[in-house]
Amino acid sequence: MQTTPVWLGVGGFMSSKLDLSLSADHTEVHLKVLEQEGQPAVDVALSVEDITRLIQVLGQCRETMLEGKELPPIEGATFTPVTRTKWALQPEASTDGSVLAFQHPAFGPVGLVLPPADADRLMHGLHMHQQMRQQPAKPRGRLN
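Structure report, in brief.

1. Things to note about the overall build of the protein chain
For the protein chain, the helix and strand inventory stands at two helices and seven strands. Of the regular secondary structure in the protein chain, the N- to C-terminal order runs β-β-β-β-α-β-β-β-α. Relative to its 144 residues, the protein chain shows a buried fraction of 12%. Here the analysis covers contacts within the protein chain between residues at least 6 apart in sequence; of these, 3% occur between residues at least 24 apart. Looking at the protein chain as shown, the accessible area adds up to about 12500 Å², and 60% of this sits on carbon and sulfur atoms.

2. A few points about the sheet that holds strand β5 (residues 87–92)
With respect to topology, three strands assemble into an open sheet ordered β5-β6-β7, the strand pairing being antiparallel. The open sheet has two edge strands, β5 and β7 (108–114), and neither has a second partner. For this sheet, the mean inter-axis angle between neighbouring strands, taken without regard to orientation, is 20°. Relative to β7, strand β6 (residues 97–104) runs antiparallel, the two sharing seven bridges. Looking at the pairing, A101 lines up with G111 of β7. The strands touched by helix α2 (residues 116–134) are β6 and β7; relative to β7, the strand with the most contacts, the crossing angle is about 105°.

Thresholds, definitions, all that
- Residues numbered from 1 in each chain as written.
- Predicted model: local features only at pLDDT ≥ 70, side-chain atom pairs only at ≥ 80, totals over all residues.
- Heavy atoms only, no water.
- Helix = DSSP H or I, 4+ residues; strand = E, 2+ residues; numbered from the N terminus.
- Buried < 20%, exposed > 50% of the residue type's maximum accessible area, 1.4 Å probe, protein only.
- Contact = heavy atoms within 4.5 Å.
- Areas by Shrake-Rupley, 256 points an atom, 1.4 Å probe, with all protein chains shown as cover.
- Pairing = 2+ DSSP bridges.
- Axes fitted to C-alpha atoms, helices over the stretch in contact; angles between N-to-C directions.

Structure follows, in structure tokens:
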């Protein structure tokens, strides 16, 4: 089993220890809240579906916590690009835009609504990338 300890602090006053262990066959994760201040330890087995639902609920909590606050800029943000996914594109009626949905290996299904102006920007960017790929590589001079 792989074990990843996670420390959580609450308001700087208390901390609890969570231990996440992936089973050898990769079918479940054990979430252990270790004993603390007289409270008994808790061990919960989580399936892929359980983890996906937990991620969704935590995401909804995060979204609610950020309501009314400005989203941070994406420029300069650290992220891990997804290279293995399935995706779909469909119209989105309430904004007259498009929904780009994909399976994120870490987070499960994710969808992004692109209003018409953003969809146009994306189409323009993809068209530019296509043109770059189709142009023959320019000679770079002598290679050493």
